[in-house]
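Chain residues, written in single-letter form:
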Amino acid sequence: MRITDTSDLWWKTAVVYCLDVETFFDWDGDGTGDFAGLVQRVDYLAGLGITCLWLMPFYPTADRDDGYDITDFYGVDPRLGTHGDVVELVRTAQDRGIRVIVDLVVNHTSDKHPWFRSARSSKTSPYRDYYVWRSDTPPDTSAEVVFPDQEDSIWELDEKTGEYYLHRFYKHQPDLDVTNQAVRDEIAKVMGFWISLGISGFRVDAVPFLLQTDDMPEGADGFADPHAYLRYLRSFLGRRSADGIMLGEVNLPHPQQLEFFGGPDGDELTMQFDFIAMQNMYLSLARCDAAALVTALEQRPASSVSSQWATFVRNHDELTLDKLSDDERQEVFAAFGPQENMQVYGRGLVRRLPPMLAGDPRRIRMVYSLLFSLPGTPVLFYGEEIGMGENLDASGRMAVRTPMQWSSARNGGFSSAPPSRLAAPVVTGGFAPEHVNVAQQRQDPDSLLAFISMLVRRYRECPELGWSHFQVLDQPHAQVMAHLASWDDGSLVAVHNLGPEPRTVPLTLEGCEADHRLVDLLTVGEVAVDGAGRASVELDGYGYRWLRVTAPQSRRLL
Ligand code: NOJ
């Protein structure tokens, strides 16, 4: 790779930051965050160093699934702002070097969407076939529902016409039928619309469900196959936006994820979240043993050079552990969420990382150091950079969707509205804004915010982390993970101690000689290398080091 490639394939070295406009910053004082508030905080995001902002749904909504139940794909929720405000945000962010991507939620609509209102009104509605209907009694599909606390079937009887409609999520979210050409035309039009407003791509919601056509009329309207359709969307995006991306939510085993990248051709999703590595990282943390994470990373299939994994510690949903075995899941539950109110759907946790780690600053920093050193593109969920906690009194996934904590002022500085009018209650207790907020941490060079900002900067300065092949280095400690990222002009060694005991980690680095040095990138320090490439790295309990392998003639930034 050349350094100039990093701007062509910008997503491979991006730092993505996900937020919900509704809970980020309220500028007009009505209790709900808004675009006017977000644009005021673009310089904060630029200071943090993020390069890509992912906006959770901001469209008009029936608001029964926190905005993922959309009533107009082309609109802006009037509580949050207008199209003008969106464009102002995108332009201001671009000026600060930040691209904006938006959630594309087209597996389903809200049942309040005008298409569905019309579709359910009569079997002859022009929108009837935008959705999936059946007249016979459906079989038991209780094992297929995504939200088992609310649903027991993926089919719902609609009294008016006496037929059942398909909904893979909540019953108020009827699935669109992508085998219908008219629906496919709409989806492309929606993408084209937002692209024309300057956004740089999409976080694509629920991709496997979007493409799942088992229950849909067969091969209708020239629908060849689901992956051909995904290829079509990618090429359409490419025609409308030279470097737009599709970052897909595909929580499937790695071999299936490879298919969603388009295999070796890489012509489907540009990026995918690595749910498998995330889940195994928690298992490794629970066990203080790196093996599960290492295995997950080593089993990632090779993909095309333009495809990329998105790595993360937390997202806006439950911290799903569905791909672990039952026993493994119970280990993580026992370590990080033993109480019933910390668990949801029998498969996930509703907590954020710092409370799960009992606020231990060494361990929290080690996890973020690990995240930024993994091969891939790191994605932060708002508030992670200051170590926000969750609200266990909120229902289910809402526990982590609390207002951003800007200061110790009322409502955490999020809004001037009375607390009873806030979009969501502010966190109380040890992680409340009095203790965890941006204003305090901005003044403190030792804060988590300062640390994460440094990680962002170092990650950006080390493009091999986003680009390189991942190589685990042999060393004797089960608690430790040591890995190497290389490119043409040198390499980087990252060493992480998942356990509480200090460790001395012997490493052998091929090609290194006595005139090489291992220079610390996260602190001031250095490790000597002998003539056989051997080095001995000291780690504190929960310690972490990034070491630049430096040859005498190296011109890499130190
Ligand atoms: C996936 C989203 O991440 C989640 O928040 C939402 O509830 C479902 N899709 C349904 O839209």
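Model, not experiment: these values are computed from the prediction.

Engineer: Explain the overall build of the chain residue by residue, including any values.
Structural biologist: Counting secondary structure elements, the chain contains 17 helices and 22 strands. Against the 2.2 N^0.38 benchmark of 24 Å for 558 residues, the chain shows a C-alpha radius of gyration of 24 Å, consistent with a compact globule. Each of the three principal axes of the chain carries a C-alpha extent, and together these read 80 × 55 × 50 Å. Across the 558 residues that make up the chain, the buried fraction comes to 62%. When the accessible surface of the chain is totalled, it reaches about 21100 Å², and 48% of it is carbon and sulfur.

Engineer: Got a sec to walk through empty space enclosed by the protein? Specific residues and values, please.
Structural biologist: According to the stated counting rule, one finds six cavities of 30 Å³ or more in the structure shown. If you add up the space inside the largest cavity, you get close to 60 Å³. Along its surface, the largest cavity is lined by Asp 20, Glu 22, Pro 57, Phe 58, Tyr 59, Thr 61, Asp 63, Asp 66, Gly 67, Asp 77, Arg 79 and Leu 80. Looking at side-chain class alone, the lining of the largest cavity contains four nonpolar, two polar and six charged residues.

Engineer: Give me the lowdown on the sheet that holds strand β3 (residues 99–104), citing residues and values where you can.
Structural biologist: In spatial order, the strands read β1-β2-β3-β7-β8-β9-β10-β14; together these eight strands close into a barrel with parallel pairing. The mean angle between the axes of side-by-side strands here comes to 25°, regardless of whether they run parallel or antiparallel. Note that strand β1 (residues 16–19) and strand β2 (residues 52–55) share four bridges and pair parallel. The partner of Cys 18 across the bridge, within β2, is Trp 54.

Engineer: Any details on the sheet that holds strand β12 (residues 343–344)? Residues and values, ideally.
Structural biologist: If you walk across this open sheet you meet the three strands as β11-β13-β12, and the pairing is antiparallel. A single partner strand is all that each edge strand has here, and the edge strands are β11 (319–320) and β12. Relative to strand β13 (residues 348–349), β12 runs antiparallel, the two being bridged by two bridges. Across the sheet, Val 344 pairs through a bridge with Gly 348, a residue of β13.

Engineer: Any chance you could break down the site of the ligand for me, citing the residues and the numbers?
Structural biologist: The local shell around the ligand holds 13 residues, among which Asp 65, Asp 205, His 316, Asp 317 and Arg 397 are the closest. At 3.2 Å from an oxygen atom of the ligand is found a side-chain nitrogen or oxygen belonging to Arg 203. At 2.9 Å from an oxygen atom of the ligand is found a side-chain nitrogen or oxygen belonging to Arg 397. Calculation on the ligand without its partners gives an accessible area of 300 Å², and the protein chains cover 98% of this total. Under a 2 Å grid-point criterion requiring more than half of the atoms, the pocket assigned to the ligand is the largest pocket. Looking at side-chain class alone, the shell around the ligand contains three nonpolar, three polar and seven charged residues.

Engineer: Quick one: what's the story with unusual backbone geometry, residue by residue and with numbers?
Structural biologist: Residues other than glycine seldom take positive phi values, yet Asp 66 does so here, at roughly 50°. As for its position among the elements, Asp 66 is in the loop between β2 and α4 (83–95). Judged by its relative accessible area of 11%, Asp 66 falls in the buried class. Even without being glycine, Ala 206 reaches a positive phi, approximately 50°. Relative to the elements of secondary structure, Ala 206 occurs in the loop between β7 (201–204) and α7 (207–211).

Engineer: I'd like to hear about the nonpolar core, residue by residue, with values.
Structural biologist: Among the nonpolar cores identified, the biggest contains 151 residues, and Tyr 17, Leu 55 and Tyr 282 are the most heavily contacted of them. For this core, the leading source of residues is helix α16 (residues 448–461), giving eight residues. With residues up to four places along the chain from it excluded, the contact list for Leu 55 reads Leu 19, Val 21, Phe 35, Leu 38, Leu 89, Val 100, Ile 101, Val 102 and Asp 103. Residues Ala 482, Leu 484, Leu 518 and Val 537 belong to the second largest nonpolar core, which totals 18 residues.

Engineer: Summarise the pairing of strand β5 (residues 155–158); cite the residues concerned and give the values.
Structural biologist: As paired strands, β5 and strand β6 (residues 163–166) are joined by four bridges and run antiparallel to one another. Within β6, the position partnered with Trp 155 by the bridge is Leu 166. The turn joining β5 and β6, which pair antiparallel and follow one another in sequence, is formed by four residues; a positive phi near 70° is taken by Gly 162.

Engineer: How would you explain the environment of Ile 199 if you had to name every residue and give the values?
Structural biologist: Mapping Ile 199 onto the fold places it in the loop between α6 (181–196) and β7. Exposure remark for Ile 199: the relative accessible area of 5% places this residue in the buried category. Spatially, the C-alpha atoms of Ile 199 and Ile 245 are 9.8 Å apart, while their sequence positions differ by 46 residues. Among residues more than four places away in sequence, those in contact with Ile 199 are Val 90, Val 100, Val 102 and Trp 194.

Cut-offs and rules
- Residues numbered from 1 in each chain as written.
- Predicted model: local features only at pLDDT ≥ 70, side-chain atom pairs only at ≥ 80, totals over all residues.
- Heavy atoms only, no water.
- Helix = DSSP H or I, 4+ residues; strand = E, 2+ residues; numbered from the N terminus.
- Rg over C-alpha atoms; globule rule 2.2 N^0.38 Å.
- Buried < 20%, exposed > 50% of the residue type's maximum accessible area, 1.4 Å probe, protein only.
- Areas by Shrake-Rupley, 256 points an atom, 1.4 Å probe, with all protein chains shown as cover.
- 1 Å grid on protein atoms, 1.4 Å probe; cavity = no way out; pocket = protein on both sides within 12 Å on 5 of 7 lines; lining within 4 Å.
- Points joined across faces, edges and corners; volume = space filled by probe spheres on them.
- Nonpolar A, V, L, I, M, F, W, Y, C, P; charged D, E, K, R; others polar.
- Pairing = 2+ DSSP bridges.
- Axes fitted to C-alpha atoms, helices over the stretch in contact; angles between N-to-C directions.
- Near = heavy atom within 4 Å.
- Polar contact = N/O pair within 3.5 Å; in protein donor to acceptor, adjacent residues only side chain to side chain.
- Sits in = over half its atoms within 2 Å of the grid points.
- Core = buried A, V, L, I, M, F, W, Y, C linked by side-chain atoms within 4.5 Å.
- Contact = heavy atoms within 4.5 Å.

Honestly, it's all geometry; don't read function into it.
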